[in-house]
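Survey of secondary and tertiary structure
Read off the chains here:
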Amino acid sequence: MTKQISFSESKLLPAIGQGTWYMGENAAQRMDEVNALRAGIDLGLRLIDTAEMYADGEAEKVVGEAISGRRDEVFLVSKVYPWNASGQQAIAACEASLKRLKTDYLDLYLLHWRGDIPPQDTVSVMQQLIEHGKIRCWGVSNLDYADMQELWNTAGGRGCATNQVLYHLASRGIEHDLLPWCQQQHMPVMAYCPLAQAGRLRSGLMNHPALNELANRKGVSVAQLLLAWVIHHDGVMAIPKAGSVAHVKENAAALEIALSQEEIALMEKAFPAPGRKTPLDMV
Ligand SMILES: NC(=O)c1ccc[n+]([C@@H]2O[C@H](COP(=O)([O-])OP(=O)(O)OC[C@H]3O[C@@H](n4cnc5c(N)ncnc54)[C@H](OP(=O)(O)O)[C@@H]3O)[C@@H](O)[C@H]2O)c1
């Protein structure tokens, strides 16, 4: 059965969504990107993750084009720069994102990473945006365990719907404290760079002999193994970015790949967790 994740009571989403970083940077690729996102929606990858930062707003415009006429089918996530994450600036940033996305609401709005603005101010403006109907729920990104504790002890902080963090087989630091804590709170975690940017973040990952051998045995690709490994964790979803329909199809098919305990153990032996607290990995 396809694994599903919920950010709010009502909407269950398949545990693989679609990332958009680097989209909108090259006019020649724009149509391929729009088509890839549309194919992803057709295949059930309904969560689309973007940010005001990506290509300076151009990625949001690509998404706007892809979801035109089918807004209700998607769960739209965007992110606010830390320096915009309070007061009128946050409201203006959100409205600018909505304009580029050609929609009147976001399903989820995230603080992109922690900056100098006190958490209380960000929580307050997120609540205001919900009251004004501009966003349905809010969350954070790149917050490590200690930052999450601070947020949890901030008035209204427990309204946080998710933490979006870097997580892939070769970067498992969150398993020490952040992931178990989020699981305890029943807070879904969104894993970004689930493919380690096609191995760019960890050379040797995509052609590791143990992964190649397992992928061949199962008749899948290493990328699919990596996605299946991320989403087998309780409450974790993956948001791979794919710029082609072929990659989107492959990623969507990973939703149906079941990994046995032995297969998981084999993958984790090749890429062990650090076994101690390490600072949250980020890009
Ligand atoms: N919150 C944050 O700070 C943060 C930071 C980074 C990323 N993110 C979000 O997370 C998303 C995913 O992260 P990411 O884009 O950095 O890295 P990623 O998803 O790990 O990797 C993307 C790369 O993998 C390739 N790829 C996709 N599907 C593939 C497949 N089936 N086989 C082989 N290669 C495949 C893509 O190539 P093609 O493009 O050619 O398909 C692209 O080069 C981002 O797009 C963004 O939405 C958030």
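Residues numbered from 1 in each chain as written. Predicted model: local features only at pLDDT ≥ 70, side-chain atom pairs only at ≥ 80, totals over all residues. Heavy atoms only, no water.

Quick look at the overall build of the protein chain now. From N to C terminus, the protein chain includes 10 helices and 9 strands. Taken over C-alpha atoms, the radius of gyration comes to 18 Å for the protein chain, in line with the 19 Å a tight globule of 283 residues would show. Its C-alpha atoms put the protein chain at 55 × 45 × 35 Å along the principal axes. Across the protein chain, contacts joining residues at least 24 apart in sequence account for 76% of those joining residues at least 6 apart. If you sum the accessible surface of the protein chain, you get close to 12200 Å²; carbon and sulfur atoms cover 50% of it. For the protein chain, the distance from the average position of its 26 positive side-chain charges to the average position of its 32 negative side-chain charges is 3 Å. (Helix = DSSP H or I, 4+ residues; strand = E, 2+ residues; numbered from the N terminus. Rg over C-alpha atoms; globule rule 2.2 N^0.38 Å. Contact = heavy atoms within 4.5 Å. Areas by Shrake-Rupley, 256 points an atom, 1.4 Å probe, with all protein chains shown as cover. Lys, Arg positive; Asp, Glu negative; His and termini not counted. Charge placed at Lys NZ, Arg CZ, Asp CG, Glu CD.)

What follows covers the packing of aromatic side chains. Following the criterion strictly, the structure yields 9 aromatic pairs and no others. Seen in terms of ring centroids, tyrosine 81 and tryptophan 113 are 6.2 Å apart; in terms of plane orientation they differ by 85°. Their pairing is edge-to-face. Taken together, the positions of tyrosine 81 in the loop between β4 (75-80) and α3 (87-101) and tryptophan 113 in the loop between β5 (106-111) and α4 (119-131) put the pair 32 residues apart, joining distant regions of the chain. Residue tyrosine 81 is classed as buried on the basis of its relative accessible area, which comes to 17%. With centroids separated by 5.2 Å and ring planes inclined at 50°, the aromatic side chains of tyrosine 167 and tryptophan 229 adopt a geometry described as tilted. With tyrosine 167 in the loop between β7 (163-166) and α6 (178-184) and tryptophan 229 in helix α8 (residues 222-231), this residue pair connects regions lying 62 residues apart in the sequence. The exposure class of tyrosine 167 is buried, given its relative accessible area of 0%. We classify tryptophan 229 as buried; its relative accessible area is 0%. The rings of Trp21, Tyr22 and Tyr54 are connected pair by pair, giving a single aromatic cluster. In this structure, arginine 71 packs its charged tip against the face of tyrosine 105, placed 3.9 Å from the ring centre. (Phe/Tyr/Trp six-rings, centres within 6.5 Å; stacked < 30°, edge-to-face > 60°. Buried < 20%, exposed > 50% of the residue type's maximum accessible area, 1.4 Å probe, protein only. Lys NZ or Arg CZ within 6 Å of the ring centre and 35° of its normal.)

For tyrosine 22, which is not glycine, the phi torsion reads 80° and is therefore positive. Position of tyrosine 22 relative to the elements: it lies in the loop between β2 (12-14) and α1 (30-42). Of the residues examined, tyrosine 22 reaches a relative accessible area of 37% and is grouped as partly exposed. Within the chain, asparagine 142 stands out as a residue other than glycine whose phi angle is a positive 60°. Tracing the backbone through its elements, the reader meets asparagine 142 in the loop between β6 (135-141) and α5 (145-152).

Taken together, 29 residues sit near the ligand, with Asp49, Ser141, Lys241, Gly243 and His247 positioned nearest. Alanine 196 places a main-chain nitrogen or oxygen 3.3 Å from an oxygen atom of the ligand. The side chain of asparagine 251 places a nitrogen or oxygen atom 2.8 Å from a nitrogen atom of the ligand. For the shell around the ligand, the element with the most residues is helix α9 (residues 245-253), which contributes 3 residues. (Near = heavy atom within 4 Å. Polar contact = N/O pair within 3.5 Å; in protein donor to acceptor, adjacent residues only side chain to side chain.)

The strand order across the open sheet formed by 7 strands is β3-β4-β5-β6-β7-β8-β9, and the pairing between neighbours is parallel. Looking at strand neighbours, the two that pair on one side only are β3 (47-49) and β9 (236-238), the edges of this open sheet. The average undirected angle you get between the axes of adjacent strands in this sheet is 30°. Pairing of β3 with β4, which is carried by 3 bridges, proceeds in the parallel orientation. (Pairing = 2+ DSSP bridges. Axes fitted to C-alpha atoms, helices over the stretch in contact; angles between N-to-C directions.)

Where helix α7 (residues 209-218) contacts helix α10 (residues 261-270), the two axes come as close as 9 Å, and the packing angle between them is 160°. Judged by the angle between their axes, α7 and α10 are roughly antiparallel. Here the hand of the crossing between α7 and α10 comes out left-handed. Packed against α7, whose contacting residues are Ala210, Leu211, Leu214, Arg217 and Lys218, the element α10 presents Glu263, Leu266, Met267 and Ala270 at the interface. A per-class count over the contact of α7 with α10 returns 6 nonpolar, no polar and 3 charged. (Parallel < 35°, antiparallel > 145°, perpendicular 65-115°, else oblique. Left-handed = near helix turned anticlockwise from the far one by under 90°. Nonpolar A, V, L, I, M, F, W, Y, C, P; charged D, E, K, R; others polar.)

Compared with the 18 Å implied by 1.5 Å per residue over 13 residues, the 18 Å span of α4 between its first and last C-alpha is a close match. Restricting attention to buried positions, one finds in α4 the residues Pro119, Thr122, Val123, Val125, Met126 and Leu129. Those residues of α4 that are buried are in contact with β4, α3, β5, β6 and α5. Just beyond α4, the residue with positive phi is glycine 133, at close to 75°. (Expected span 1.5 Å × (residues − 1).)

That is the geometry; function is a separate question.
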